[in-house]
Each structure stands twice: as structure tokens, then as C-alpha cells.
Amino acid sequence: MVKDKEYERLQELKEKLDYYSYLYYTLDRPSITDYEYDLLYRELEKIEGAHPEWVTPDSPTQRVGHKIQGGFTKYTHDRPMLSLGDVFTDNELREFDRRVRDDLGGEALEYVVELKIDGLAINLIYENGTFVRGVTRGDGIVGEDVTNNVRTIKTIPLKINNMSPHIEIRGEVYMSVGAFDALNRQREEDELEPFANPRNAAAGSLRQLDPQITAERNLSFFAYAIGGTVGIEINSQEELLADLKKFRFHVNKEYRKFVNMEDVIKFIHTWDERRDELPYATDGMVVKVNSFAQQARLGNTVKIPRWAVAYKFPPERVVTKVLDISVSVGRTGVLTPAADLEPIRLAGTTVKRATLHNEDYIREKDIRIGDEVIIQKAGEIIPEVVGPVTTKRDGTETVFVMPSRCPGCGEPVVRLKGEAATRCVNPECPAIIGEKVAHFVSRNAMNIDGLGEAIVNQLLERKLIRNVADIYSLKKEELSALDGFGDKSADNLLRAVENSKKVGLARVIFALGIRFVGAKAGRILAEHFGSVEVLAEASLEELTAVDEIGPRIAESLRQWFALPDNAELVARLQAAGVDMTAEKKETKGDSFAGEIVVLTGRLEIMSRKEAEAAVIERGGECTSSVTKKTTLVVVGAEPGSKYDKARNLGTRIISEEEFIAWLQRE
């Protein structure tokens, strides 16, 4: 009886959480607080933890699945996912209209016009209302199965309001402008190449082998088409979009229906300027014959439908002048040149500056100070210099030369062999210190509100700080004397500094600004090592044995902690009271104490994530690769090379059933 009630509660929680997520992510109309949602979610996790046999793929807790081993498998679409033919002018649209009307014998027709979202086409498969598979477009016939990654996208429902035995829903996975900007800022901080545009970012995110990375990228989805179905009858594109909303999909609201092409053209041109105001990237508009019966009669060529066409917006380009090329210094000492431009309006914003990346980029494009240059926004987002208008040169232009001395401190700079970056290697450089402080106090790091760029610059100029540890020695009278500061501002800042001492090890690791160590790596390292002392002493082998910590991050960590100045910095932060330990996770006994476990193959009873959590909760450790230190390998269906390596090493191997029995030990 108790179990019946518990199972009923589980079903109730799943339905509630699914509905609240739909209101929040799809309709942007939250009905409960985040705190209330988290309480329900934790209750569901608790019930599923006690009864792993009740966990189903449509549960909200299954948004992130286990890592994909050996790449993505292929999947053949029920119906081909065709590309659209492109047109670029009004007359080409009129020609499309003439051909469609001729092919239909002049009968009345309607067009539905939708924004063309600049993302990645995806095919979602539902069986009896439950999401079972997500597949990329691929070549239109065969795509890649990215189901685990698709589950992480909150605007894709795991259950829909349609109980068809089989239905394919198609649409676009995209990254919003806000998510794209945040991702690129993080990548630049981690010294990774930023994505060129939201489409590339979305495509790269959806093809991650680790769904956790995909989940952190904040992807979204618009539904707009249907593939193979069983027992469903829909008569038009307009009807389909209405039904997709009823199914609980996110449908782009900016679509319209017209009966003649001239109105279609007018509507398209209303977006010439408005598209810059959208929170997502669009590269055109799609014009579709509304009636599915007429679509069927018009048919397709081998590659494209005859009943639809994509009108592509021309990339907006402007010509302006390079007034100067200035160089900034990042927190790792990298010198980055940027074009200071004569201000000009482009794609809805005034552009004054565009990055030039490095010395080689400037040389390859032959960009000179004083040049007239063509500017466009990459993916309608980031200003970039396409190239110079060489015909407008008059001989007054100046060839840029990367400075031989740091603009921040005047010390010589270096460019290592094989690197495009030029660096300042002076640890006392005020420009580097300023960037390090800005990173240290940022929201995702120590979160010290009130320490903006202007305040940091004053602190540096007055020699009140020389590194981030000095922040914890600031006195009220010193702060009150700063320009624009008073007693209240000083008190607020000192309170924020004090609160930052308790943010935890994960944020501290990220805040230290160790090369290649981003926020996620900070969390992983904190959870694994537990304290900064243990992390500092970890060997390269111990570091690379941690799931998702590769040789590059491991080597960077070893080099950083080996420097005496950095060891002193850590000691000073600890002396100031900064907590450098990770909060211990709740345990459920010690039945796996001392065990270093590797999971391989497909687990049937519980997800990989649940199994790893269960080992850790019972005192064990999970790693991604089999080494001599591995004490136990749990083998599911279709195990890979890890199983073979474990056998060769003589490591203990158990089945999933034996693993479950082990978990149930007292």
C-alpha cells in the first residue's frame, strides 16, 4: 500500500514538474518559484533513488544522460529531411510564385511565411507520447543519433499531448544571443577559440560526447515541421503549427499567412531592420505553400521541395575607417589587437571596435591603420573586419606592428614558437593584475559585487592591491577615500568581500585564473579532490585519471601550483579565511570505500549518472578510464575496449546485476 502511494506520488511529481517546465521554458510564464520547483525535483530524485526500477526516460531527472562512447550511431529518417532552395531577390520570389501557380493549374493557394532560424535541424521521435530519439539532419536521409544531448534542451518536451504510436517532429536547435555571448566570454576566459556565430555554437554543442556540456550551453528549440507519423491527420502548415503548440512545443510566433506573393514580399521586408531586435539569430525567411495536399501535388526534386523556398537576408555590410589599432592585455598576458573604428551603425547597433585576434590575422588580411574597411557582423552578432578597401588607399595608411613591449607595464613581450599569441610575462604587470582581479571578483568566481573596473584601477593606481589576496586586507578608510566612494559604499564592498570567503572550493579554483581551467573544470576538481591542499599535491597521473580532466588542464594545474608565488597566494587566501574545501556530499554508507570504479557498456537498470552518484555516495570513486589503480569495472550491455583492458590487467569485473546487489548491502 505504501509503495502504491509512493509510486502514485512519483507519477504526480513527474507530471507537475513537466508542466511547470513547459510554463517556464516554452511559454516564459513561470507559475511557481525556483525554490518550490527545486523542492519538488528533490522529492522526485529521492523516490527514484530509493526505487531505481521506477526511473523512466521521460522523467525530468533524466534530462542529462550518460556519456556517449565511441561516437554517434547512424539513424535513417522515416521521411527525408530535405534542404530548401535559396532565393535572394524579390523577383526570384515572384518567379517561385509563378511556377507554383502554373504547376497547380492556377487554383487558389495560401502561403505561410516563417522566420528562418539560424541553427541546426533536428528530428525528434515520439512513441505513445514519449520522447525516444533525437537525430540530426545529416545528409537528409541518414542522421546521427544525439538523443542524450537532445534530452538536455528544456524547450523540448519529454512527453507531448499526443499519444500516436509514432510521430516525427522536426525543427531547429539554436542558441540565443544571450547564451552565445555568455559562452564566448567564458571561452575567451578559458583561452579557447570563440565560436564564430550562434549556429556553429549550437551545432558544436549538440554534438558533444558529454551531455553535461550540452546542458550547460543553454540550447533552445523551435518546432516547425512533421515527418513520419502513425494515425495523425493534419491538413496544412498553419494547422500543424497550431497542433505543435497543443503538443507543448515551442513554436516561433512570428509567422503569417498570405494569399498573394506581393504581400509576402512586403512582410519579408518588414524584417529588414526588426531582425536585429530578436533574441536569436535569423538568416532569412521561409515561404511555404500552406496546404499539405498541394504540397504533395507539387512534390520534391531529389534535394529540395518544390513547395517551399528560403529567402536569404543579405549580410549587412558597411564601410568605415580604422582610426587606430589598439592592444589590450588579458589576465594570462596575451596581447590582443583590436580595430578602433570610426563609429558606424550596423545591424541595429553602433560599432566602434572590432577584434583583430592576433598579429597573423592582421597580416593575412593586410589591414592597416587608416584603411577604409568592410565591416559585417559574423552570424549577425559579432562585428568583424572582412577586409580593407585597397582601392581607397592614398599612401597615408600605416602597417601595424605588434609592440615589442607590453602596453601595460613596458616590459618586453614574447611570442613562443608554434603560438599565434604574443604575451607579456611580467607577473607584476598592472594590466595583467587588473584583468586577474576582474576575473577573480566576477559573478561566476568569487562574486564580489561592487569591485568594478574603475574601482580596481583606483586600487591599483594607489598601490592598495598588488594581487587578489590583497582584496582581503582592504580597510574601510582606504575604500572611503576612493573617488565616488563613501562610508556606505565601503561597508557594502567589505560585506561582499567577507561573503566571498564562503563561496566554496569550486569557485575558488575557477577564480584563481589557472590557464584552461574553466568553471566546469573547477567543479569537477573540487568534487574529486575536496581541498586545495590535495589538489596542489596531485600528480599528472592522478589529475588525468579524473573524468574530463585532460593532459592540457592537468599540465597547466601542475605548472601553476609549482610556482612559489602561487603557493604563497593560496596560503594568503587561506590565512584571510577563504574556504578552500568542497562541501562533502551526503553519503549512504561505505560499501564502496576504497573502490576506484569504471562503468562501461549500456546500463539497463539505472543511468550512468545515477550509478556514478551511487558509488560516490557510498565512499567510492568513479573514473572514466581503466588504469592499474582501477579496482572494479562494472560491465553493462555491449562493453567496449575498457572491458578488454580490465581483463588484460586482471581487474575485478562485475555485471550490472551484481553491482545493484552491491549497492543494496548494509
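Please read these numbers as outputs of a predicted model, since none were measured by experiment.

Caption draft 1: Fine view of the UniProt feature "binding site: Zn(2+)" (unreviewed entry) in the protein. Look at the UniProt record and you will see "binding site: Zn(2+)" (unreviewed entry) annotated at C406, C409, C424 and C429. With the annotated positions falling across 24 residues, the maximum pairwise C-alpha distance of 8.7 Å places them together in a single cluster. Structurally, C406 can be placed in the loop between strand 18 (398-399) and strand 19 (413-414). By relative accessible area, C406 is classed as buried at 4%. Every residue in contact with C406, bar those within four places of it in the chain, is listed here: V329, E411, V413, C424 and C429. As for its position among the elements, C409 is in the loop between strand 18 and strand 19. Those residues in contact with C409 that sit more than four places away from it in its chain are C424, N426, C429 and P430.

Caption draft 2: Looking closely at the UniProt feature "binding site: NAD(+)" (unreviewed entry) in the protein. Per the UniProt entry, the sites bearing "binding site: NAD(+)" (unreviewed entry) are D34, Y35, E36, Y37, D38, S83, L84, E114, R137, E172, K288 and K312 in this numbering. Considering the arrangement of structural elements, one finds D38 in helix 2 (residues 34-50).

Caption draft 3: Here's a closer look at the sheet that holds strand 21 (residues 596-600). The strand order 22-21-23-24 describes an open sheet built from 4 strands, whose pairing is parallel. Looking at which strands have only one partner, the edges of the open sheet turn out to be strand 22 (621-622) and strand 24 (652-655). As paired elements, strand 21 and strand 23 (residues 632-635) share 4 bridges and run parallel to each other. Across the sheet, the residue bridging to V598 is V633, located in strand 23. Across the sheet, helix 23 (residues 608-617) is in contact with strand 21 and strand 22; its angle to strand 21 comes to roughly 170 degrees. Contacts from helix 25 (residues 656-663) reach strand 23 and strand 24 within the one sheet, and its direction differs from that of strand 24 by about 90 degrees.

Caption draft 4: Representation of the side chain of T600. Mapped onto the fold, T600 is located in strand 21. With residues up to four places along the chain from it excluded, the contact list for T600 reads R608, V633, V634, V635, G636, P639, G640, K642 and Y643.

Definitions and limits used
- Residues numbered from 1 in each chain as written.
- Predicted model: local features only at pLDDT ≥ 70, side-chain atom pairs only at ≥ 80, totals over all residues.
- Heavy atoms only, no water.
- UniProt positions renumbered as here; feature names shortened; annotations may be inferred.
- Helix = DSSP H or I, 4+ residues; strand = E, 2+ residues; numbered from the N terminus.
- Buried < 20%, exposed > 50% of the residue type's maximum accessible area, 1.4 Å probe, protein only.
- Contact = heavy atoms within 4.5 Å.
- Pairing = 2+ DSSP bridges.
- Axes fitted to C-alpha atoms, helices over the stretch in contact; angles between N-to-C directions.

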